[in-house]
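Summary of the model geometry
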Amino acid sequence: MVRPGEREQRERRFRGEDQARPLPYLVCSPTLELGVDIADLDLVHLRNVPPTPANYAQRSGRAGRQGQPGLIVTYCSAFNSHDQYYFRRRAEMVAGRVRPPRLDLANESLVRAHIHAVWLARVRLPLGNSIETVIDLDHREELPLREMVAQQIQLGEAARREVEEQVQKLLAADRELLDRSGWFNKRWIRQVIEEAPREFDRAFNRWRELYRAATQQLEAAHQELQTARQRESQQKAERRQQEALRQRNLLLQIDTQREEGDFYPYRYLASEGFLPGYNFPALPVRAWVPRGSEGEFIARPRFLAVREFAPHNFLYHEGCQWESVAFQAPPGGLEERKSTQKLCLSCGAFADPCLDCCPVCGTQFDGQNSRLTHLLEMPNVRMKRRDRITADEEERRRRGYELQTFFQFAPKGSGYRVQEADVLRGQTPLLHLRYAPAATLLRINYGWRGSGGQGFLVNFDTGEVLSPTQIQQSRTGSSDPTRLQRVCLAVRSTQNLLLVRLVQPGLGDPQTLETSLRYALKRGIEETFELEESELAAESIGQGSHRAILLYETAEGGAGVLRRLVEEPEALAEVAQASLEICHFRLSEAGVQDLRPECRAACYECLLSYANQREALELDRYKIRDLLGELAHSRTDPGSSRQEHWDWLRQLVDPRSELERKFLEALAEGGYRLPDDAQKSISEPRCVVDFFYDLNICVFCDGAVHDEPTQAEQDRQLRAQLLEGGYRVIVLRYDQNLQEQLARYPEVFGQGN
């Protein structure tokens, strides 16, 4: 977040090029590992242990680049379990195996962004160095695309076909993986290409909002300056005017390093998710910091911003302390960002306010198990410089905010399929897993802890968020109450999630068991798959029989590890073994051995960390010792849900078709993948498919009647139309060996037993 010019100046001083102001020591973010080349660097001091051996190799490799000796000092924090883990296993970090980076290649948003990149290259639109080359600023209200731009991005049919062919070549190597995703097909590719012009236009909406707000402030300040009759009022109006000008200059890339600014067109489109951008948070929340005579926008990922940029929280930036005091209200106010959601307290899902039952757990809503909440989708914020911090403010900061996460599965028509599995020790179920790709997560900030979840009191005209003192003043009549509304803050994100439910909570305190297991599994997954701590989140969600551990991937594009816990029989057992080791236990023939009996419940070398100190009394490694030992010998099996699904399919098959019945029996007996639906009705072309997989695969079981010439011709025409519509067609014949036919399509039915 250091401005490019300032950063380059510091690098020059550090290299010794500025003899008048040498800089012997430079403190950097982890991005130092990405290309900063200072040849005569002798010492690298790592503030903590890097996430993986790959990160360690990159960061330590900054020293000794001219062949001279280099000293690398790594500090292991006593309050960080990751650091303590590698303090005891330092060879695994210093000389560890560098694994390939993990990325979920079947992530729909990721693939769509790459298709947009191919489309944009074909359009050959010169974006230039400023968004002003794309947006027509003369039309101040609408801020539409320039007429030339709007025309150029509309490709003809031949050009769109070229883009589609290029995309097919680009994705050919991963086609099998994408075909299994459920949402990917030729029709989806065409749709993304056809909608690209509209998505390109919509990607600039957040920029338009910022530009309109800056312009509105500039005009208001100019009006105040003309009418002000006191020097103090004039100075205040001048400051607001200069601040608005600085905002517009940043938005238009005036007086900034062209390729480094947040609003450089390609960088901006990456942050909005239209183009691939792994170095930038997608759809960030921005804070305006009026630093000195200038000012700048600071961006944060949404799930971090809902806490860090929350009202009256503090931010430390460039040696100064800033307080979040107001939202940047777009022209017309904040009303358009308001929404109402019904929250299911039983399972943790959120739903449309008009529903009477939860779409996930089926609970009938009442006043005890649900909550109707008024939300404000978090807008950008304004910061105010603070000179000092009082004890009262420090106490409120220490308490923190009351945050809660809710989820919503992807719509059924999207092609995503919720996968369920049981984790078994022998025939005894231990855990029930429910994996939901591309689920929507809703993160809600209810206000300061201890406030009763009342949210924040916001002036919807100015965007100002009232402090406790101002709230008291509003009660005494010094503020117009009609302009104030109380709302909770909310942000949304689309992520892969996994719900882990204990089948048998066991004896003792279930809260301690669940909390300890949550942190143990999170740490075990991170170490097993070499994830950074920030790439995986774990929370408790729901209540009663629907209580579960919510795990979700926070990395851009997803890491693709949660799917493996459901699909790979040994993956969770491997995680449990790592969790046991983290908790100072060792598996042996005699059982589970305790390697650190002096750790009575939890310590900073196992489950405790600086971030979970509030839950310290609910952490006890002994409460999960036996369960982790069982999980270490377990297997993940979709068996029970598979049987229920098979029984449901069996009821749908045509009773007149012997081949359909034999097909289902062969799949069940051979351990093949079952269809997702049977007797599936398709609207275009209008037909009923015998069996259907969510990968848009149609399976027809053709008996002897399909050999008749008329029927055979109808079948040929219909299936040709299905192929043209993006479906894959598989035909199973009555007069051929069924097992041999199944073996021809292992990518669809699996390998079997």
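Residues numbered from 1 in each chain as written. Predicted model: local features only at pLDDT ≥ 70, side-chain atom pairs only at ≥ 80, totals over all residues. Heavy atoms only, no water.

Next up on the list: the environment of Arg300. Checked against the element boundaries, Arg300 lands in strand E4 (residues 296-300). Given a relative accessible area of 16%, Arg300 falls into the buried group. Taking the C-alpha atoms as reference points, Arg300 and Ala282, 18 residues apart in sequence, are found 9.3 Å from one another. (Helix = DSSP H or I, 4+ residues; strand = E, 2+ residues; numbered from the N terminus. Buried < 20%, exposed > 50% of the residue type's maximum accessible area, 1.4 Å probe, protein only.)

As a further point, take the packing of helix H16 (residues 510-529) against helix H18 (residues 571-582). Packing of H16 against H18 brings their axes to within 8 Å, and their N-to-C directions diverge by 110°. By the criterion of interaxial angle, the relationship of H16 to H18 is roughly perpendicular. From H16, Ala520, Leu521, Arg523, Gly524, Ile525, Glu527, Thr528 and Phe529 reach across to H18, where they touch Glu574, Val575, Ala578, Ser579 and Ile582. (Axes fitted to C-alpha atoms, helices over the stretch in contact; angles between N-to-C directions. Parallel < 35°, antiparallel > 145°, perpendicular 65-115°, else oblique. Contact = heavy atoms within 4.5 Å.)

Another point: the sheet that holds strand E24 (residues 728-733). Read across the open sheet, the four strands follow the order E21-E22-E23-E24; overall the sheet is mixed. Each edge of the sheet is formed by a strand with only one pairing partner; in this case those strands are strand E21 (677-682) and E24. Direction aside, neighbouring strands of the sheet carry axes that sit 45° apart on average. Pairing of E21 with strand E22 (residues 687-693) involves five bridges; the strand directions are antiparallel. Paired with Ser681 across the bridge in E22 is Val688. Docked against the sheet, helix H21 (residues 658-670) engages E21, E22, strand E23 (697-702) and E24, running at close to 10° with respect to E22. (Pairing = 2+ DSSP bridges.)

Tallied over the entire structure, the rule returns 24 aromatic pairs. Judged by centre distance (6.1 Å) and plane angle (75°), the rings of Phe303 and Tyr552 are edge-to-face. Note that Phe303 is positioned in helix H13 (residues 302-308) and Tyr552 in strand E17 (residues 548-553), a separation of 249 residues in sequence. Sitting over the ring of Tyr85, Arg89 keeps its end group 4.0 Å from the ring centre. Cation over ring: Arg90 sits above Phe87, and NZ or CZ is 4.7 Å from the ring centre. (Phe/Tyr/Trp six-rings, centres within 6.5 Å; stacked < 30°, edge-to-face > 60°. Lys NZ or Arg CZ within 6 Å of the ring centre and 35° of its normal.)

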